[in-house]
Amino acid sequence: MTQFFDILIVGAGPAGLAAAHAAAGSGSERRIAIVDDNPLAGGQIWRGGPAKQSDQRARQLWQAVEAASNVTMLAGTRVLMQTQPGELLVQDADQARTIRYNQLILATGARELLLPFPGWTLPGVTGAGGLQALAKGGYPVQGKRVVVAGTGPLLLAVAATLKERGAIVGAIVEQAGMPALARFAAGLALAPSKAVQAAKLGLALRGIPYFANSYVTSASGDVQLTSVQVHRKGTKLDIDCDYLACGYGLLPNTELARALGCEIGQGAVKTDPWQRTSVPNVLCAGEGTGVGGVDLALVEGRIAGLAACGEGVAQELFTERARWQGFAARLACTFAPREELRRLAQDDTIVCRCEDVCHDALREHASWRSAKLHTRCGMGPCQGRICGNATDFLYGWRPDAVRTPISPARAGSIITLEPHKET
């Protein structure tokens, strides 16, 4: 089956929903579709569905998009590959189909940066955002002892979510130093809404130890995590726990953009002032252009949605975007992973979790390609999504071009079929 839409949006997080809302309200009757591999819209930040969020913007956006007669939501649908310019092959639980479009907006979000250290593959060790997503989805954490570690404001949000669901948060371990954190806090005066959010999180987390200039050096346990060791002020601190939620910030998801041939710079999709990429008729908004948070994603989504319709973009949207881009720059500077984290992996520390490839088998190689030729690094189910970022940080490797299908596909989905009539 082949479908056609004037505007196709990949990703139903804040940027994707904002793009759909802007495009639907542009005064035209363009056919718009949103494709997302989750059953509910909202992305990671509004996980569980926008209607259930305390953020009013989530509920308002979703209500407006849901009410728009020219917007189709294709939930639980994964993009597999580009079949030809202006056409994507997608797959849901029941079937594969091709979708043709005039304009494509990529709003594919970001993923956590997970870095190897001894014990990071133990059951009970997760990404910070990963455990938060599980808890939001109903995973039982009540009464469990949790250490939240890594870097960035996400740690506070994760700790608050876990505490709210009954977990015992033993400590928040932040690798950034106190002077950098103090400068970042002072800079929140330029973003009052973020300052209010930080104050609310601070109140919610009262009584929980907060260790700045600290980082987890190892996780211990025979078959399950039982404790973590933290480097703090030149000493080693052991903390007993059932879960370690550890993440070192976010990185843009660029696989689809790279597969389409979009230009990438500094790990993110490069765009012009109207969110257009280097590929004609392909735009990008949100974390894919660089991690900046929900506010930046929303304004970029609105700009992309209007630009895809050929509408002029009001100057105030550019001004608002510049303000949040400034916040994103301060965020990246403050919470850049420190050099000591590159030295945590030992010879026998697994770096590629899918294929059990260790640090000593990888560091002798000069490139990602060499490592893949001589080991199975990056060739497992995640296709290098986890170890690719880790090896970039540890060894300075850049992964090769993306191979399709981008997502796991049924054999029947990628068999060449006779074209079907458009619907």
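Just so we're clear, the structure is a prediction, and the values are computed from it rather than from any experiment.

Reading guide: rules and limits
- Residues numbered from 1 in each chain as written.
- Predicted model: local features only at pLDDT ≥ 70, side-chain atom pairs only at ≥ 80, totals over all residues.
- Heavy atoms only, no water.
- Helix = DSSP H or I, 4+ residues; strand = E, 2+ residues; numbered from the N terminus.
- Buried < 20%, exposed > 50% of the residue type's maximum accessible area, 1.4 Å probe, protein only.
- Contact = heavy atoms within 4.5 Å.
- Pairing = 2+ DSSP bridges.
- Axes fitted to C-alpha atoms, helices over the stretch in contact; angles between N-to-C directions.
- Polar contact = N/O pair within 3.5 Å; in protein donor to acceptor, adjacent residues only side chain to side chain.
- Salt bridge = Lys/Arg side-chain N within 4 Å of Asp/Glu carboxyl O.
- Phe/Tyr/Trp six-rings, centres within 6.5 Å; stacked < 30°, edge-to-face > 60°.
- Right-handed = clockwise from strand over helix to strand, strands pointing away.
- Left-handed = near helix turned anticlockwise from the far one by under 90°.
- Nonpolar A, V, L, I, M, F, W, Y, C, P; charged D, E, K, R; others polar.

**Quick notes on the environment of Glu-29**
Secondary-structure assignment places Glu-29 in the loop between helix 1 (14–24) and strand 2 (32–35). The class of Glu-29 is exposed, set by a relative accessible area of 64%. For the pair Glu-29 and Gly-16, spaced 13 residues apart in sequence, the C-alpha separation works out to 18 Å. Those residues in contact with Glu-29, other than ones at most four positions away along the chain, are Ser-69 and Asn-70.

**Topic: the sheet that holds strand 8 (residues 125–126)**
Reading across from one edge, 8-15-9-10-11 is the order of the 5 strands in this open sheet, with parallel pairing throughout. At either margin of the open sheet sits one strand with a lone partner, and together these are strand 8 and strand 11 (210–211). Direction of pairing for strand 10 (residues 168–174) relative to strand 11: parallel, over a ladder of 2 bridges. Bridged to Ile-172 within strand 11 is Tyr-210. Helix 3 (residues 128–136) contacts strand 8, strand 9 (145–150) and strand 15 (243–247) of the sheet and is inclined by roughly 125° relative to strand 15.

**Considerations on the environment of Arg-111**
Positionally, Arg-111 belongs in strand 7 (residues 110–112). Each C-alpha atom of the pair Arg-111 and Glu-287 lies 9.3 Å from the other, and the pair is 176 residues apart in sequence. Other than its neighbours up to four places away in sequence, Arg-111 contacts Gly-249, Leu-250, Leu-251, Asn-253, Glu-255, Arg-385 and Asn-389. A distance of 2.9 Å separates the side chain of Arg-111 from the side chain of Glu-255, its partner in a polar contact.

**Points about the pattern of salt bridges**
Across all of its chains, the model carries 15 salt bridges by this definition. Across the salt bridge formed by Asp-92 and Arg-97, the nearest N and O atoms sit 2.6 Å from each other. Across this residue pair, the class does not change: Asp-92 and Arg-97 are buried. Note that Glu-263 and Lys-270 form a salt bridge whose closest N and O atoms lie 3.4 Å from each other.

**Here we look at the packing of aromatic side chains**
Applying the stated rule across the entire model yields 6 aromatic pairs. Relative to Tyr-243, the ring of Tyr-139 has its centre 6.2 Å away and its plane inclined at 80°; by these criteria the two rings are edge-to-face. Linking Tyr-139 in the loop between helix 3 and strand 9 with Tyr-243 in strand 15, this pair joins segments that are 104 residues apart in sequence. Ring geometry for Trp-274 against Phe-318: centres 5.9 Å apart, planes inclined by 80°, an arrangement best described as edge-to-face.

**So, the pairing of strand 1 (residues 2–10)**
Within strand 1, 9 of the 9 residues are buried, leaving the element largely enclosed by the surrounding structure. Of the pairings in the sheet, the one linking strand 1 to strand 6 (residues 96–106) comprises 8 bridges and is parallel in character. Note on strand 6: the bridge partner recorded for Ile-9 is Ile-105. Here strand 1 pairs with strand 2 via 4 bridges, running parallel. By the bridge assignment for strand 2, Val-10 is matched with Val-35. Crossover strand 1 to strand 2 through helix 1 is right-handed.

**Observations regarding the packing of helix 1 against helix 8 (residues 294–308)**
In a packed pair of helices, the relevant descriptors are the angle between the two axes and the axis-to-axis distance. Orientation of helix 1 relative to helix 8, taken along the N-to-C sense of each, is 35°, at an axis distance of 7 Å. Judged by the sense of rotation from one axis to the other, the crossing of helix 1 with helix 8 is right-handed. Packed against helix 1, whose contacting residues are Pro-14, Ala-15, Ala-18, Ala-19, Ala-22 and Ala-23, the element helix 8 presents Val-294, Ala-297, Leu-298, Gly-301, Arg-302, Gly-305 and Leu-306 at the interface. Its residues assigned to classes, the contact of helix 1 with helix 8 shows 10 nonpolar, 2 polar and 1 charged.

**Observations regarding the sheet that holds strand 13 (residues 227–232)**
Sheet architecture is open: 3 strands sit in the order 12-13-14, paired in antiparallel fashion. With partners counted over all chains shown, the strands left at the sheet margins are strand 12 (214–220) and strand 14 (235–240), one partner each. Each adjacent strand pair in this sheet contributes to an overall mean axis angle of 30°, direction not counted. Pairing geometry for strand 13 and strand 14, over 6 bridges, is antiparallel. Its bridge partner lying in strand 14, Val-230 is registered against Leu-237.

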